Amino acid sequence: MKESSAESLDSSVQGNWPPLAVKDVKVVLQKEKSDGISSPSRDDDSTLQNPGSHSSILDENSKSQLGIPEGRNKSPGLCFSDGKCLIDYILVYRKSSSQSEKREIFERNIRAEGLRMEKEACLTNSDVIFLKLHAPWDVLCRYAELMNIRMPFRRKIFYMHRRHKFLSRIEKRINKFRGWLPRKPMKFDDDTLPYLEENESFTAPFSRSRIHHFIIHNKDTFFNNATRSRIVHHILQRVKYEEGKNKMGMNRLLTNNSYEAAFPLHEGSYHSKNSIRTHGAENHRHLLYECWAWWGVWYKYQPLDLIRRYFGEKIGLYFAWLGWYTGMLFPAAVVGLFVFLYGIFTLEHCQVSKEICQATDTIMCPICDQYCPYLRLSDSCIYAKVTHLFDNGATVFFAVFMAVWATVFLEFWKRRRAVLAYDWDLIDWEEEEDEIRPQFEAKYSKKERMNPISGKPEPYQAFTEKYSRLLVSSSGIFFMILVVIAAVFGIVIYRVITVSTFAAFGWALIRNNSQVATTGTAVCINFCVIMLLNVLYEKVALFLTNLEQPRTESEWENSFTFKMFLFQFVNLNSSTFYIAFFLGRFTGRPGAYLRLINRWKLEECHPSGCLIDLCMQMGIIMVLKQTWNNFMELGYPLIQNWWTRQRLKREHGHIPKASLPQWERDYNLQSMNAYGLFDEYLKMILQFGFTTIFVAAFPLAPLLALINNIIEIRLDAYKFVTQWRRPLPSQAKDIGIWYGILEGIGILSVITNAFVIAVTSDFIPRLVYAYKYGPCAGQGRAGEGCMIGYVNASLSVFRVSDFEKRSQPRTDGSELFEEAVKYCRYRDYREPPDSAEQYTYTLQFWHVLAARLAFIIVFEHMVFAIKTLIAYLIPDLPKDLRDRMRREKYLIQEMMYEAELERLQKEKDEKKKKESPHHKEWP
């Protein structure tokens, strides 16, 4: 390996580097110049990519090669008035602001840091002033070195294993055959979009002393726009605006209204009169719109490298995770759809639904007090068939599959994240120590202690005060959870009251389907309560987080994230948990009902089972929640931006949008919400919980989530590219606290699905009947023929004369059954009224209960064992990536060593020339 590297490095000095065949590795190196000036390349946005990546990148330096006129990127709206200095950042303030003194000191210190400034008044509001900032080359170099920004210094080495001639021939024939097949529609066509190219370069932390090692084709574009904005933001966060130890930073000036807004510019318009296929892209924003945010490319892979270059690694990782989650939903959606279709195809052979539909002589007891009539069991025929669609023999398999799927999804995401971290140069990136929050400084400025890392004094929060605040905050969280439980209690009371009201309704359709009408309206009301409480919870979570006084921004963000997730998760799923595990479980029996506040009889399940109520709850909530989220995602910013345009039109008449400079157009857009990507992650994590936790009761949940996410990706893309100001590009190695939350949801889903199958569905009672009490008892088999008589065995008999007075139906049933009803049936395993121990539990009840508990234990242990085994077998880093990282590290060290030797040799040669002996005559 050392010999091959030495040969390749020696060849770099000779000009063109020929392919080297060294044993099992073929190394192909591109031409490099020893002085660091390369052939035309994309220096402004050079990235480290996976050679197999589907994303590619447009670059200013390659525009001339692609037929794009030079200088297009330097439009008047992106530069100073001289047309040369690129605008790296925009600050906005009002002349009427009272903080002019702080602003003057701040701007004076900005100049002292070397940044160039230019002010310009707003065309539509004379009170608004735009402060344009530009970082010169020397400032960029100085801070790039301080911030350890990695920049490209050498073309990457591609190596591939040599193959036998016979295998090479086979591969050529396969590739020829593939050429006849249609190309993959989800990949971008490089022939159609020639500006999507791959760029492979080694990178290293920038150093001014080794600047000759880096690929610098053009100083204006060596640092891309995102990097320039990040450097300027870093400077602004450390510039003082007032005398004092902690009187610094742009964020504090935004808080005290010295400045109204601060943002990097979008790179021009996302629209163009010319076609991108014939004239190329105007800029990166235009390219992102055409290849990502436009609805016509909804089926294409996301250009993740382009997203990362324009918006930064943090936003790039969010879309990478969302795309990975959406892709992983495909197998889950297919299997869920298969389970649903299996229910449809086996519906005609289902013995249980057949018996229910044929039970015209079976009279069911009323489901509510007084107003509810006696019913025939056959009236539940349609509901029994619908229940079979979700509760069939494939349900248990699907529950196990989804538990394993959640583990595979998380484990393979770790591998995908590792690949992205390698491609995006995040492997060795360490997050800088967060700045102390201004609120924390103001509160504890009198108490200080030495920071063990920086060695500087900083404000300190006493141990007792910290944990007393945490205790108060925890009490607030507990109280808000009680509020959620109270809201669920209110929904329960509504269901109990309205079932009697609908039973006495004048409209026959409602009267005959009183229980379904009750469930449907209760779910809609529950959704409205959920949305209202979400607004309240955000304010409470904000108050409690500020009450805790977190020290840094990351601590504040993690604390707020946990509270908001906990509140919204409990709020969204509390009613679902009630329906799944409590509805109809504690109602008692006819003649001895358990009552709420000794007044209202608790709601019973439908004669066909409780699963139909759970399916309705999940289906309605999921569809309504996702529809509302998508409206708020796009509709709200669109309405706000439309209203801003109408206001400007009323005040200043019609102003063509193209006549406004870029900074003014961006200022009129909506700023990214204060919590960054929090809202985007939260709704997806809640959806993930809804998709996995009760998936045994609703197999179509993954399919609905998949459809929503395909729309969600393009909605988010459209919003980021067209409706929002450009967010500050920032770095991140992973998705943060959300990964731990996903793991917790995965564990909870195993438990809840075990209980749904064992408690909510009729899977266990049917199994017990087939093996113990049915026609096949003792034969060790269970089929549809073994379920004959199951419905009759699952219903108990009640004598009508034993009804309580307040439960006695107002009619005796003679109008429906031609004679007064003497006995009715109800779902339970109890002794008949003529028995010596009337209405006590039968032996079958205890058998079913024992089987349910055993199933829960066996299911959980089996699934957890499978999840643990899968997590153990799947390494976090792919083997080829590990090998590439080791090889790259070795080659980089060799290259740097050889380059340094080359530089020293040059210096030595120059020194010899200067010190060459001159023949002088002696006097």
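Residues numbered from 1 in each chain as written. Predicted model: local features only at pLDDT ≥ 70, side-chain atom pairs only at ≥ 80, totals over all residues. Heavy atoms only, no water.

Observations concerning the pairing of strand β5 (residues 128-134)
This is how it is decided: Type-normalised accessible area, obtained with a 1.4 Å probe on protein chains alone, sets the label of each residue: buried when under 20%, exposed when over 50%, and partly exposed for intermediate values. We count a stretch as a helix when DSSP gives it H or I for four or more residues in a row; a strand needs E for two or more, and each element gets its number in order from the N terminus. We call two strands paired when DSSP finds no fewer than two bridges between them.
Of all seven residues in β5, seven are buried; the element is thus mostly enclosed. Here β5 shows two buried faces, one formed by V128, F130, K132 and H134 and the other by I129, L131 and L133. Here strand β3 (residues 89-94) runs beside β5; their pairing, made up of six bridges, is antiparallel. Paired with Y93 across the bridge in β5 is I129. Where strand β4 (residues 116-121) lies against β5, six bridges are found, and the strand directions are antiparallel. In the strand pairing of β5, R116 is matched with H134. Connecting β4 to the antiparallel partner β5 that follows it, the hairpin turn spans six residues.

A few points about the environment of V756
Mapped onto the fold, V756 is located in helix α24 (residues 737-760). Separated by 357 residues in the primary sequence, V756 and A399 place their C-alpha atoms 9.6 Å from one another.

A short note on the packing of α24 against helix α28 (residues 843-873)
Under the convention used in this document: Only the stretch in contact is used when a helix axis is fitted, and all axes are lines through C-alpha atoms; the angle between N-to-C directions ranges over 0 to 180 degrees. For classification purposes, an angle smaller than 35 degrees is called roughly parallel, one larger than 145 roughly antiparallel, one from 65 to 115 roughly perpendicular, and anything else oblique. By definition, any crossing whose near helix is turned counterclockwise from its far helix by less than a right angle is left-handed, and any crossing with a clockwise turn is right-handed. In what follows, residue pairs with any heavy atoms lying within 4.5 Å of each other are defined as contacts. Put simply, Ala, Val, Leu, Ile, Met, Phe, Trp, Tyr, Cys and Pro go in the nonpolar bin, Asp, Glu, Lys and Arg in the charged bin, and everything else, Gly too, in the polar bin.
Viewed as axis vectors pointing N to C, α24 and α28 meet at an angle of 150°, and their least axial separation amounts to 9 Å. By the angle between their directions, the pair α24 and α28 is classed as roughly antiparallel. Of the two possible hands of crossing, α24 and α28 adopt the one that is right-handed. Residues G746, I747, V750, I751, A754, F755, I757, A758 and V759 of α24 pack against R852, F855, I856, F859, E860, V863, F864 and K867 of α28. Broken down by class, the residue content of the contact of α24 with α28 amounts to 13 nonpolar, one polar and three charged.

Comments concerning the pattern of salt bridges
Operational definition: Here, a salt bridge means any Lys or Arg side-chain nitrogen found within 4 Å of an Asp or Glu carboxyl oxygen.
Enumeration over the complete set of coordinates arrives at 24 salt bridges. The salt bridge involving R208 is made with E145; its shortest N-O contact spans 2.8 Å. One end of the pair, R208, is in the loop between β8 (201-205) and α5 (219-222); the other, E145, is in helix α3 (residues 137-146), with 63 residues separating them in the sequence. Accessibility expressed as a relative area gives 45% for R208, which makes it partly exposed. Among the charged side chains, a network of salt bridges with common partners joins E680, K683, E712, D716 and K719.

Points about the side chain of T395
The line we're drawing: For the purposes of these results, a polar contact is taken to be a pair of N or O atoms within 3.5 Å, where, inside protein, one atom must be able to donate a hydrogen and its partner to accept one; residues adjacent in sequence count only when each atom of the pair is a side-chain atom.
Mapped onto the elements of the fold, T395 is located in helix α14 (residues 395-423). Of the residues examined, T395 reaches a relative accessible area of 6% and is grouped as buried. Here the side chain of T395 touches F390 through a polar contact of 2.9 Å, landing on its backbone oxygen. In this view, T395 contacts F390, A696 and I757; residues no more than four positions away in its chain are not counted.

Topic: α28
Inclusion rule: How far a helix is expected to stretch is found by multiplying one less than its residue total by 1.5 Å.
Taking 1.5 Å as the rise per residue, α28 with 31 residues should run 45 Å; its terminal C-alpha atoms sit 45 Å apart, in good agreement. Within α28, the full set of buried residues consists of Q844, F845, V848, F855, I856, F859, E860, V863, K867 and I870. Along its buried surface, α28 packs onto α14, α24, α25 (763-773) and α26 (790-793).

Focus on helix α10 (residues 304-311)
Counting buried positions over the eight residues of α10 gives eight, a clear majority of the element. Looking at the buried residues of α10, the elements they touch are α6 (225-236), α9 (284-293), α11 (313-345), α14 and α23 (701-723). Directly after α10, the chain includes G312, whose backbone phi takes a positive value near 100°.

Observations concerning the sheet that holds strand β9 (residues 261-263)
The strand order across the open sheet formed by four strands is β4-β5-β3-β9, and the pairing between neighbours is antiparallel. Every other strand in the sheet has two partners, leaving β4 and β9 as the edge strands with one partner each. The mean inter-strand angle of the sheet, taken between neighbouring strand axes irrespective of direction, is 20°. Against the sheet, α6 touches β3 and β5, its axis set at about 45° to β3.

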